2 protein chains.
Amino acid sequence: MDAKFTGHISKQFNSDMDGLKNHILMMGGAVENQVLNAVKSLVEADSELAAQVRVTEKQINSMELSLDEECARVLALRQPAASDLRMVIAISKTITDLERIGDEAKKIAKLAILLVETGQSPRGYFEAKHIGAHVAGMVHDALDAFARLDVDMALKVAQEDRSVDAEYESAMRQLVTFMMEDPRSISRVLNVLWALRALERIGDHARNISEHVIYLVKGTDVRHANLEQVKSQMAGNF
Amino acid sequence: MDAKFTGHISKQFNSDMDGLKNHILMMGGAVENQVLNAVKSLVEADSELAAQVRVTEKQINSMELSLDEECARVLALRQPAASDLRMVIAISKTITDLERIGDEAKKIAKLAILLVETGQSPRGYFEAKHIGAHVAGMVHDALDAFARLDVDMALKVAQEDRSVDAEYESAMRQLVTFMMEDPRSISRVLNVLWALRALERIGDHARNISEHVIYLVKGTDVRHANLEQVKSQMAGNF
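Residues numbered from 1 in each chain as written. Chains lettered and ligands numbered in written order. Predicted model: local features only at pLDDT ≥ 70, side-chain atom pairs only at ≥ 80, totals over all residues. Heavy atoms only, no water.

**Focus on the packing of aromatic side chains**
Put simply, the test is: Two aromatic rings from Phe, Tyr or Trp, using only the six-membered ring of Trp, form a pair when their centres are within 6.5 Å; if the ring planes differ by under 30 degrees the pair is stacked, by over 60 it is edge-to-face, and anything between is tilted. Distance and angle both matter: a charge sits over a ring if NZ of Lys or CZ of Arg is within 6 Å of the ring centre and within 35 degrees of the ring normal.
A complete count under the given rule lists 1 aromatic pair over all chains for this structure. The positively charged end of R197 of chain A is found above the aromatic ring belonging to W194 of chain B, 4.1 Å away from the centroid.

And the structure:
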């Protein structure tokens with residue numbers, strides 16, 4: 001195989017890898033927007049925006065399918081090794097997390113429509129707005145960490161997930177108290193509660209993405225390890 | 001490359017693929033058991049069994065990590081093509097769904113412990129038992145479909161998911177009515193409600209697995225398609 005041919009192959013390979021990276025970041029941007037719009041539609045009782053989220057969800061599903069195909073094609077034709085193979089695997093897992101985030105955003109939009117139809121629920125919007133902004137930021141940072149292969153930022157996202165969990169627990173307790181005080185509000189408050197739970201799951205998926213980044217950069221699989229273990233492993237690697 | 005060497009490579013390759021298939025089915029069996037035990041611990045208020053589910057969850061997490069590594073190794077060393085590549089991709093996605101099912105089972109076990117500690121909740125156990133048996137059956141059938149590459153059985157699992165969703169919705173309505181009638185029970189009934197939601201998600205993951213089987217056998221990606229579309233596509237393929 002002469003040098004020119006090898007050069008051609010590796011150029012093609014790099015352009016395939018760049019394509020994959022660009023497309024996952026595009027999907028990520030679209031999903032981040034979905035989260036922001038879903039929360040906005042809930043907090044501002046905007047059923048038109050909610051309907052738009054549900055339409056865009058279909059586009060995100062197509063992105064998932066075509067990115068999955070792209071991964072399979074790169075694996076089959078380019079047979080990447082070492083860090084490139086890790087990149088394709090990390091992208092393939094990130095696709096799934098992004099699609100699930102899109103799913104949760106769609107659920108929130110559905111709840112927004114329901115809440116507009118049945119009259120607004122009197123509580124929980126403040127919490128939804130706050131936690132919503134928090135998890136949307138996590139999705140953004142996780143993707144940023146992916147784009148820059150920034151392990152520190154990825155670790156930060158994993159830490160954020162803990163405070164989201166705490167915020168969620170405290171919001172839940174408030175809503176339960178509220179339901180007890182006013183049982184007629186139960187159905188409506190439950191819908192707010194489902195929305196908060198969807199947001200909490202979005203935080204989990206952002207954390208998953210940040211873990212794929214760490215795996216990618218460090219070759220360390222940090223799922224199921226706690227943060228202290230991860231940090232000490234990272235420190236050992238520097 | 002002489003025939004002996006090729007034979008050696010392909011023998012090694014087949015044994016790698018068989019290893020992967022066996023290991024995913026082993027993980028599947030363990031996860032199915034987790035679902036059954038988690039539901040049993042909830043329905044029978046057995047906190048010892050619930051504690052055991054939480055311990056076994058850690059083993060399932062290790063299975064996930066080692067199976068993921070096994071997939072990466074097969075991709076890197078064997079560079080499978082066509083249907084073998086599809087098999088590795090399907091296994092890799094199934095690993096994620098199985099791990100998530102294990103997660104949901106752990107949540108149910110946690111709720112079982114909580115319910116034992118705070119006194120039993122008066123309602124919703126019958127529904128949990130019924131839906132629990134239903135989704136455990138779906139996990140079993142999805143894995144069976146995987147083992148036998150049985151598309152018909154996989155389609156059946158996807159259909160089952162619809163009736164689980166309907167059962168879940170109806171149970172939810174009953175529990176909401178019950179909370180309204182007896183607001184003091186709200187916290188406890190909410191815990192039953194979270195358990196039902198976890199079961200509903202297990203059904204979703206079983207459906208995902210059955211879709212990986214269809215992708216594997218037919219090369220058709222059926223995610224995000226509705227059942228009628230899938231069936232007509234399948235019919236066209238026969």
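**Regarding the state of the cysteines**
Applied cut-off: Any pair of cysteine sulfurs within 2.5 Å is marked as a disulfide. Residue burial is assigned from relative accessible area. The probe radius is 1.4 Å, only protein chains are included, and a residue is buried under 20% of its type maximum, exposed over 50%, and partly exposed in between.
A full pass over the atoms with the stated rule returns 0 disulfides over all chains. In this model C71 of chain A remains outside any disulfide bridge; the closest cysteine sulfur is found in C71 of chain B, 14 Å from its own. Judged by its relative accessible area of 3%, C71 of chain A falls in the buried class.

**Let's talk about the confidence of the model for chain A**
For clarity, the threshold we go by: Each residue carries a pLDDT value, the predictor's own confidence for that position, ranging from 0 to 100.
Here chain A averages 88 in pLDDT, while 90% of its residues score no lower than 70. In the model output, the complex is listed with pTM 0.85 alongside ipTM 0.79.

**Quick look at the relation of the copies chain A and chain B**
The two chain copies are connected by a rotation around an axis plus a translation along it. Selection criterion: The least-squares superposition of copies is restricted to C-alpha atoms, and to residues with a pLDDT of at least 70 in both copies. Contact definition: two residues touch when any of their heavy atoms are within 4.5 Å.
Under the fitted operation, chain A is carried onto chain B by 0.0 Å of movement along the axis and a turn of 180°, and the coordinates agree to an RMSD of 0.0 Å. The superposition of one copy onto the other is thereby described by a two-fold rotation axis. When the interface residues of chain A are mapped onto chain B, 100% of them are again interface residues, pointing to one common binding face.

**Some points on the pattern of salt bridges**
Short version of the rule: Salt bridge criterion: a side-chain nitrogen from Lys or Arg within 4 Å of a carboxyl oxygen from Asp or Glu. Strands are runs of DSSP state E lasting at least 2 residues, helices are runs of H or I lasting at least 4, and numbering of each runs from the N terminus.
Applying the stated criterion across every chain, the model contains 19 salt bridges over all chains. Where R100 of chain B meets D97 of chain A, a salt bridge forms, and the shortest distance between an N and an O atom there is 3.5 Å. Within this pair, whereas R100 of chain B is found in helix 3 (residues 82-117), its partner D97 of chain A is found in helix 3 (residues 82-117), the two belonging to separate chains. Under the relative-accessibility criterion, D97 of chain A is labelled buried at 2%. When salt bridges that share partners are traced, they join E104 and K107 of chain A together with R201 of chain B into one network.

**Describing unusual backbone geometry**
Residues and elements named next belong to chain A. A positive phi is found at A45, a non-glycine position, where the angle reads about 50°. Among the structural elements, A45 can be located in the loop between helix 1 (3-43) and helix 2 (47-78). With a relative accessible area of 24%, A45 lands in the partly exposed category. Despite not being glycine, Q79 shows a phi value in the positive range, around 40°. Its place among the elements puts Q79 in the loop between helix 2 and helix 3. Assessed through its relative accessible area of 31%, Q79 is described here as partly exposed.

**Here's the deal with the interface of chain A and chain B**
Applied cut-off: Two parts lose some accessible area (1.4 Å probe) when they are put together, and adding that loss for both gives the buried area.
Counting residues at the interface gives 37 residues for chain A, matched by 37 residues for chain B. Of the roughly 3,200 Å² buried between chain A and chain B on both sides combined, carbon and sulfur atoms contribute 58%. The three residues of chain A that bury the most area against chain B are W194, R201 and H224 of chain A, which together make up 18% of that side's buried surface. Applying the counting rule to chain A against chain B returns 6 salt bridges.

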